[in-house]
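Spelled out, the chains give:
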Amino acid sequence: QVQLVESGGGLVQPGDSLRLSCAASGRTLSTYVMGWFRQAPGKEREFAAAIRWSDDSTYYANSVKGRFTISRDNTKNTVYLQIDSLKPEDTAVYYCAARRSPYGSMWYLGAYQYDYWGQGTQVTVSS
């Protein structure tokens, strides 16, 4: 089992930056892919970014490239999502997810492909 706890959300103004954190526990994550998803009211949960724990490689949805940065800290077993130039359309609940990745070159963009989820953290962008 992997436990994930997100933090860092809040109410921010357009143009602000925010860093979300996802603290992981329960398993060694060396063979895992960690993903960030978001879900706006009335919409499906959508993929934003992922990072492979073993080699620090990253993958982003086209819609967030250039503004979102995913990273990890091995010593803290924590994954981060830095969001810059926030827009009202970034308003959503942001979720951290994890799954094992036995095939090193694959990326997983569907929510159904992840086995473990955090409880989510709300990000609201409003002036």
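Note that the structure is predicted; figures quoted are calculated from it, not measured.

Definitions and limits used
- Residues numbered from 1 in each chain as written.
- Predicted model: local features only at pLDDT ≥ 70, side-chain atom pairs only at ≥ 80, totals over all residues.
- Heavy atoms only, no water.
- Helix = DSSP H or I, 4+ residues; strand = E, 2+ residues; numbered from the N terminus.
- Buried < 20%, exposed > 50% of the residue type's maximum accessible area, 1.4 Å probe, protein only.
- Core = buried A, V, L, I, M, F, W, Y, C linked by side-chain atoms within 4.5 Å.
- Contact = heavy atoms within 4.5 Å.
- Phe/Tyr/Trp six-rings, centres within 6.5 Å; stacked < 30°, edge-to-face > 60°.
- Salt bridge = Lys/Arg side-chain N within 4 Å of Asp/Glu carboxyl O.
- Disulfide = S-S within 2.5 Å.

Trainee: Now, about unusual backbone geometry: what can you tell me, with residues and values included?
Mentor: Residues other than glycine predominantly adopt negative phi, and peptide bonds predominantly adopt the trans conformation. Of note, the phi angle at aspartate 56 is positive, near 70°, even though the residue is not glycine. Of note, aspartate 56 is situated in the loop between strand E5 (46-52) and strand E6 (58-60). Even without a glycine there, the phi angle at asparagine 77 is positive, about 50°. By relative accessible area, which is 23% here, asparagine 77 ends up partly exposed.

Trainee: If you had to explain the nonpolar core to someone new, which residues and values would you point to?
Mentor: In terms of nonpolar packing, the biggest core is built from 39 residues, with Leu4, Met34, Trp36, Leu81 and Tyr94 touching the most fellow members. Going through the elements one at a time, strand E3 (18-25), strand E4 (32-39), E5, strand E7 (68-73), strand E8 (78-83), strand E9 (92-100) and strand E11 (121-125) are the ones with two or more residues in this core. Tyrosine 94 has contacts with Glu6, Leu20, Trp36, Phe37, Arg38, Phe68, Leu81, Ile83, Gly120, Thr121 and Val123, leaving out every residue within four places of it along the chain.

Trainee: How would you sum up the packing of aromatic side chains? Please name residues and give values.
Mentor: According to the stated counting rule, one finds 7 aromatic pairs in the structure shown. Measuring from ring centre to ring centre gives 6.2 Å for phenylalanine 47 and tyrosine 59, while their planes differ by 45°; the resulting arrangement is tilted. Taken together, the positions of phenylalanine 47 in strand E5 and tyrosine 59 in strand E6 put the pair 12 residues apart, joining distant regions of the chain. Residue classification places tyrosine 59 among the partly exposed residues on the basis of a relative accessible area of 34%.

Trainee: I'd like a rundown of the pattern of salt bridges, residues and numbers included.
Mentor: A complete count under the given rule lists 4 salt bridges for this structure. For the salt bridge of arginine 67 with aspartate 90, the shortest nitrogen-to-oxygen distance reads 2.8 Å. Taken together, the residues span a long stretch of sequence, with arginine 67 in the loop between E6 and E7 and aspartate 90 in the loop between E8 and E9 at a distance of 23 residues. The class for arginine 67 is buried, based on a relative accessible area of 13%. The class of aspartate 90 is buried, set by a relative accessible area of 1%.

Trainee: Please give an account of the state of the cysteines that cites residues and values.
Mentor: Summed over the entire model, instances satisfying the criterion amount to 1 disulfide. Covalently, cysteine 22 is tied to cysteine 96 through a disulfide, its sulfur atoms 2.1 Å apart. Taking the torsion about the sulfur-sulfur bond, which here is approximately -75°, the covalent link between cysteine 22 and cysteine 96 counts as left-handed. Of this pair, cysteine 22 sits in strand E3 while cysteine 96 sits in strand E9, and the two are 74 residues apart along the sequence. Relative accessible area serves as the criterion here: at 0%, cysteine 22 is assigned to the buried category.

Remember that the coordinates give geometry; whether it matters functionally is a separate question.
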